[in-house]
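A structural walkthrough
Single-letter residue listing:
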Amino acid sequence: MTRESLDNIERIQTLRTEIHNLLPHLIDHGLDNTEGLLRIACPEESDAIFARPDPKDKEKIKQVAIPRQATSISEVLQECALIFESRVATQHPNFFSFIPSTMLPLSWVADLIVSAFNPHVGGSLAGSSCDVVEKSLMSWFVSKIGFPSDEATGLSVSGGSMANFMALTAARDKVIEGAENHHLAVIYVSENNHFSITKAARILGFSESQVRQIPGLCPRSLATSLLEDKADGRIPMAVVATLGSTTTGSIDPISEIADVVSKYDVWLHIDGAYGSSIILSASYAHLASGVEKADSLSWDAHKWLFTSYGCGMLFVRNRKCLARSFSAHSDFLDNGGRLENYEFWDLSLELTRPARAMRLWVILRTLGTETIGQMIDRGVQLAEEAEAILRDRTHWNIVSPAQMAIVVVRFQPETVPDRELDHLNQKIADVSLERNVAAVQTVHLDKMLALRMCIINPRLTSQNLKKVLDTLDAIAIELSTVKSQFG
């Protein structure tokens, strides 16, 4: 063994000792006399929601981003603190934009544990017990969804976009026979569909015109379109219904859609990346009625099951459909075509798969499903509380009532001309973020710009929510009285 090799081994052992000594300090005291990783992962109301690096810090970050020479782990962690300080804290209790991260401190502990063991969960041999946990956990989810236990399966994926892509791939390979018929396929969606559906269709080789939008996925209109398309020689391939749109939280009429689709050889996919978690709710699970009739369902744990990012799931009624699309022969991995013994690499685009399901399992096992259900319920109730508070305030219009923990509102005082209302509401959102009150998203709905709030962080109290809305109202009144803005 060369001197260089011995030096490298010694360096690794030294790092081991440094990390062992450093972790308690990070957790208990943190960097720069803060509360460290706990505070970063679980910010308080007073912590910054959003921060950009100043020009000096940005230049320093560019310099340290180039790994020129070995550096002590303590110095690297100080650099990490500088880098991560400038970010959008999506797990902040007052972050209402997009679908907030509901990551709890337990989640990064789960990440740490899983990363330390670094299991390969592509198959049963490499994944071993992690493979057993994922299959068992996914079977439990299958029972909650209502899919047939003997044929259905589920697996962890990176997120809703990947789940939707894989579902449409399976739909294509089941329904479309021969490449020559590819251009005849039609995918039906509502106006609530997520852009990942159109993206997946494009990647699969379908044109934009092959994705047909039907308002609200009205069952009657859908039935008419299916009949007309078949009569015109087209091939209805898939219907994608939305369980909890990211804009308003709306839900397509899934059960009625399923009844229409059942009369045709059409794949029904439910994009429940956000809303599927309602299935675990104690009070609102009925909102997911009909999902058991679908062929596939996407579900993101990093949205409303309190994990960190990169933890999604895909469920299918028949595992053979995934194997048809994603299994491939390999001299050293082939399972011999035994249908009852599919490995995860036979059912997924991935070969090397991290133990995402283990991260989710740690959270579910620690908190318990009853607590998880109550935390989901709380999000729905907080949005309803926000709607009730703003309904009682002057000049606030409820554009879209609270649904699935999302409410959309618009401030529109009579003293401000209609042509200026979009600008006013955008300014309300901007100033709210600048003053570290809340991150409120602006969306265009019914040809107007409105303020959308997704309120699912379980650490947000009713008292703090009212405080945020009081301040938001005060900002709105302040801005609407500045005549120079709207002259």
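Overview of the structure. All of these numbers come straight from a predicted model, not from anything done at the bench.

Overall, antiparallel pairing links the 4 strands, which are arranged β8-β9-β11-β10 in an open sheet. Sheet topology places β8 (396–403) and β10 (441–445) at the edges, where each strand pairs with a single neighbour. Neighbour to neighbour, the strand axes of the sheet diverge by 30 degrees on average, direction disregarded. Where strand β9 (residues 406–411) meets strand β11 (residues 448–454), 4 bridges bridge the pair, whose relative direction is antiparallel. Bridge pairing in β11 links Val409 to Leu451. On the sheet, helix α15 (residues 369–391) packs against β8, β9 and β11 and is oriented at approximately 160 degrees with respect to β8. Where helix α16 (residues 418–434) meets the sheet, its contacts fall on β9, β10 and β11, and the angle it forms with β9 comes to roughly 125 degrees.

Strands sit in the order β1-β7-β6-β5-β4-β2-β3 across an open sheet of 7 strands; the sheet is mixed. Every other strand in the sheet has two partners, leaving β1 (153–157) and β3 (211–213) as the edge strands with one partner each. Within this sheet the neighbouring strands show an average axis-to-axis angle of 20 degrees, counted without direction. In this sheet, strand β6 (residues 296–300) lies alongside strand β5 (residues 267–271) in parallel orientation, the contact comprising 3 bridges. Bridging across to β6, Asp271 finds its partner in Ser298. Contacts from helix α6 (residues 124–145) reach β1, β6 and β7 (312–316), with the element oriented near 115 degrees to β1. Where helix α9 (residues 219–231) meets the sheet, it contacts β2 (185–189), β3 and β4 (235–242), and its direction lies at approximately 170 degrees from that of β2.

Rules and cut-offs
- Residues numbered from 1 in each chain as written.
- Predicted model: local features only at pLDDT ≥ 70, side-chain atom pairs only at ≥ 80, totals over all residues.
- Heavy atoms only, no water.
- Pairing = 2+ DSSP bridges.
- Helix = DSSP H or I, 4+ residues; strand = E, 2+ residues; numbered from the N terminus.
- Axes fitted to C-alpha atoms, helices over the stretch in contact; angles between N-to-C directions.
- Contact = heavy atoms within 4.5 Å.

Note that every value here comes from positions in space, so none of it alone points to a role or purpose.
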